[in-house]
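The lines below spell out each chain.
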Amino acid sequence: MSGNPSCRYLFGPVPSRRLGLSLGVDLNPRKVCTENCVFCQVGRTTELTLERKEWVPLSAVLAEYDRWVAAGNTTDYVTLSGSGEPTMHSKFGDVLRHVRATGRFRTALLSNGSLMWMPEVRREASEADVVKVTLSAWDEESFRRIHRPAPGLTFRRLLEGEQALREAFAGSLWVEVMLLAGFNDAPDQIRAIAERVASLRPDAVHMNTSTRPVQTGVTAGRVSEALLRTVAPWFEPVAEIPVFSGRSPPPEAWPDDELVDLLARHPLSLAALAESAGAEVEAVEKRLAPLIGAGRVAVEEHDGVRMARAVSA
Ligand code: SF4
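The structure reproduced in this document is the subject of the present report. (Residues numbered from 1 in each chain as written. Predicted model: local features only at pLDDT ≥ 70, side-chain atom pairs only at ≥ 80, totals over all residues. Heavy atoms only, no water.)

Considerations on the overall build of the chain
Part 1: In terms of helices and strands, the chain carries ten helices and twelve strands.
Part 2: In terms of C-alpha radius of gyration, the chain reaches 21 Å, essentially the compact-globule figure of 20 Å for 313 residues.
Part 3: When the backbone C-alpha atoms are referred to their principal axes, the chain occupies close to 70 × 40 × 40 Å.
Part 4: By the burial criterion, 52% of the 313 residues in the chain qualify as buried.
Part 5: The contacts in the chain between residues at least 6 apart in sequence include a share of 71% that link residues at least 24 apart.
Part 6: Approximately 14,300 Å² of the chain is accessible, and the part contributed by carbon and sulfur atoms is 51%.
Part 7: The positive charge centre, built from 36 side chains, and the negative charge centre, built from 40, are 4 Å apart in the chain. (Helix = DSSP H or I, 4+ residues; strand = E, 2+ residues; numbered from the N terminus. Rg over C-alpha atoms; globule rule 2.2 N^0.38 Å. Buried < 20%, exposed > 50% of the residue type's maximum accessible area, 1.4 Å probe, protein only. Contact = heavy atoms within 4.5 Å. Areas by Shrake-Rupley, 256 points an atom, 1.4 Å probe, with all protein chains shown as cover. Lys, Arg positive; Asp, Glu negative; His and termini not counted. Charge placed at Lys NZ, Arg CZ, Asp CG, Glu CD.)

See below:
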């Protein structure tokens, strides 16, 4: 941790799977954002706006960072992220330049991508070594349903902005795709998202699902590990999925009805089912055999991948 209770804008460093040690810089008061996503872990957006301004004083942020460096602290990355969308801060580029000027740490910008249609935002974002943007919708309606954007923000703007960033940005562009049960987890929806993600020619795709309860009054559950594993190869490059701490029980312990129900929601590859249980594909085949015999499950090959699906009664 920063180890300094007087830190207001810095948090961490926290170990990050992809960045190593990451010192967070929060440039937004809680909770100012361009979106009010159903899966937001920070909480409900209380100020939903596209306004860009110096939401917190730049001089105070830089002074805090300088004190942190002077105290001999170290990190791998300094990452702009936190309580809202960092590019809403009109001087976020100054923070990136300041960190670069010290020459010691790399920089990352974790953005929802909503303001990349503004040339000045793209210019400033290009100062970072890594930019991660989000793309979890495939059209206007899905964008509004999942991200509940501020007035004036459309899916078209978001996508075109992210595409323009890719054209201009020579650093590493990562795309995060958040899959949520009941929102964007149907196979045709995921394929549509994958198509749009491909248009960004990302250096990496990180697929995620909600890991905590979502906002009150919103039902958007996590999707299964097996689904993430099944659809990861639909992305270019193949999507990376989170590390799951708990393994699902071994295939022989899967209850009939739960298994059929899971496959009724999504056809899943045998390999993904096996991997999520830390088992061999043969164990999955053995488990499915009686259900196939009873006409409740079918296994079909698509593009060389064996997929199991429920047979509707
Ligand atoms: S963009 Fe990020 S901070 Fe803003 S509402 Fe969505 S998840 Fe929360």
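Quick look at the side chain of Ser22
Part 1: In this fold, Ser22 is placed in strand β2 (residues 20–25).
Part 2: The class of Ser22 is buried, set by a relative accessible area of 7%.
Part 3: Of the polar contacts made by the side chain of Ser22, one reaches the side chain of Thr79; its length is 2.8 Å.
Part 4: Among residues more than four places away in sequence, those in contact with Ser22 are Phe11, Pro13, Val14, Ser16, Thr75, Tyr77 and Thr79. (Polar contact = N/O pair within 3.5 Å; in protein donor to acceptor, adjacent residues only side chain to side chain.)

Some words on the nonpolar core
Part 1: Membership of the largest hydrophobic core comes to 81 residues, with the highest contact counts inside it found for Val131, Val177, Leu179, Met207, Phe235 and Leu263.
Part 2: Ranked by residues supplied to this core, first place goes to helix α1 (residues 58–70) with six residues.
Part 3: Inspection of this core shows a minimum of three residues originating in each of domain 1 (10–245) and domain 2 (247–313).
Part 4: Core analysis: the second largest hydrophobic core is formed by eight residues, Cys37, Phe39, Ile146 and Met178 among them. (Core = buried A, V, L, I, M, F, W, Y, C linked by side-chain atoms within 4.5 Å. Domains from an automatic or database assignment.)

Quick word on the site of the ligand
Part 1: Around the ligand sit Lys31, Cys33, Glu35, Asn36, Cys37, Phe39, Cys40, Thr45, Gly84 and Asn112, and those are all the residues in its vicinity.
Part 2: Split into classes, the residues belonging to the shell around the ligand amount to four nonpolar, four polar and two charged. (Near = heavy atom within 4 Å. Nonpolar A, V, L, I, M, F, W, Y, C, P; charged D, E, K, R; others polar.)

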